[in-house]
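Listed here are the chains, written in short residue letters.
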Amino acid sequence: MKITEAMNTYDIALFTIKNKGFYVSLEMNDAKDEILFWVAKNNNVTVSAFNPLSLLALVEVFEKYGENWNSVETGNMYDEILNSEM
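Every chain's residues receive numbers from 1 upward, in the order its sequence appears when written. Where totals are concerned, whole chains, interfaces and linings use all residues; where local detail is concerned, this predicted model gives features only for residues with pLDDT of at least 70, and gives and counts side-chain atom pairs only at 80 or more. Hydrogens are left out, water is left out, and the side-chain values use all remaining heavy atoms of the structure.

**Quick word on the overall build of the protein**
Turning to step 1, where the next piece is worked out: Each helix is a run of DSSP H or I of at least 4 residues and each strand a run of E of at least 2, with the numbering of both proceeding from the N terminus. Scanning the protein from terminus to terminus reveals 3 helices and 3 strands.
Turning to step 2, where the next piece is worked out: Projecting the C-alpha coordinates of the protein onto the three principal axes gives extents of approximately 40 × 30 × 30 Å.
Turning to step 3, where the next piece is worked out: Burial here depends on accessible area, computed with a 1.4 Å probe over protein chains only, as a share of the maximum for the residue type. Under 20% is buried, over 50% is exposed, and the range in between is partly exposed. Looking at the protein residue by residue over its 86 residues, the buried ones come to 23%.
Turning to step 4, where the next piece is worked out: Pairs at least 24 residues apart make up 28% of the contacts formed inside the protein by residues separated by at least 6 positions.
Turning to step 5, where the next piece is worked out: In short, Shrake-Rupley with a 1.4 Å probe defines the accessible areas, and a residue's cover is counted only from the protein chains shown. Accessible surface, the protein as shown: approximately 6900 Å² in total, 53% of it carbon and sulfur.
Turning to step 6, where the next piece is worked out: The distance from the centre of the 6 positive side-chain charges to the centre of the 13 negative ones in the protein is 9 Å. What makes two residues a contact is simply this: any of their non-hydrogen atoms within 4.5 Å. When charges are counted, neither His nor the chain ends are considered; positive counts come from Lys and Arg and negative counts from Asp and Glu. Charge positions are represented by NZ for Lys, CZ for Arg, CG for Asp and CD for Glu.

**Structural notes on the side chain of Asn29**
Turning to step 1, where the next piece is worked out: Relative to the helices and strands, Asn29 resides in the loop between strand E1 (23–28) and strand E2 (35–42).
Turning to step 2, where the next piece is worked out: At 2.7 Å, the side chain of Asn29 forms a polar contact with the side chain of Asp33. We call two N or O atoms a polar contact when they sit within 3.5 Å, provided that within protein one can donate a hydrogen and the other can accept it, with sequence-adjacent residues counted only if both atoms are side-chain atoms.

**Details of the nonpolar core**
Turning to step 1, where the next piece is worked out: Definition of nonpolar core: a set of buried residues of the types Ala, Val, Leu, Ile, Met, Phe, Trp, Tyr and Cys, connected through side-chain atoms within 4.5 Å. By size, the foremost hydrophobic cluster in this structure holds 13 residues, and its most contacted members are Ile17, Phe22, Val24, Ala40, Val47, Leu55 and Val59.
Turning to step 2, where the next piece is worked out: Look past the residues within four positions of Ile17 in its chain and what remains in contact with it is Phe22, Val24, Ala40, Pro52, Leu55, Leu56 and Val59.

Keep in mind that these numbers describe shape and distance, not what the molecule does.
In structure tokens:
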């Protein structure tokens, strides 16, 4: 099986977020003609991202690591992977 990031995966991402108990909304620009952020809210948690797939990923990060998500020791995986591919 292969799955690739594309707009046809947005609905399942939004469905998954809502099934986790989050309310999903949009933050629009003043003219209401451009999406600035997708927003998921649940109790005192607000998660925002540029698209539904990123929103789902951040919801998952929050659910797994909580408010201290940024104190998890990960090293610099981004640069490690980037450098290994060059």
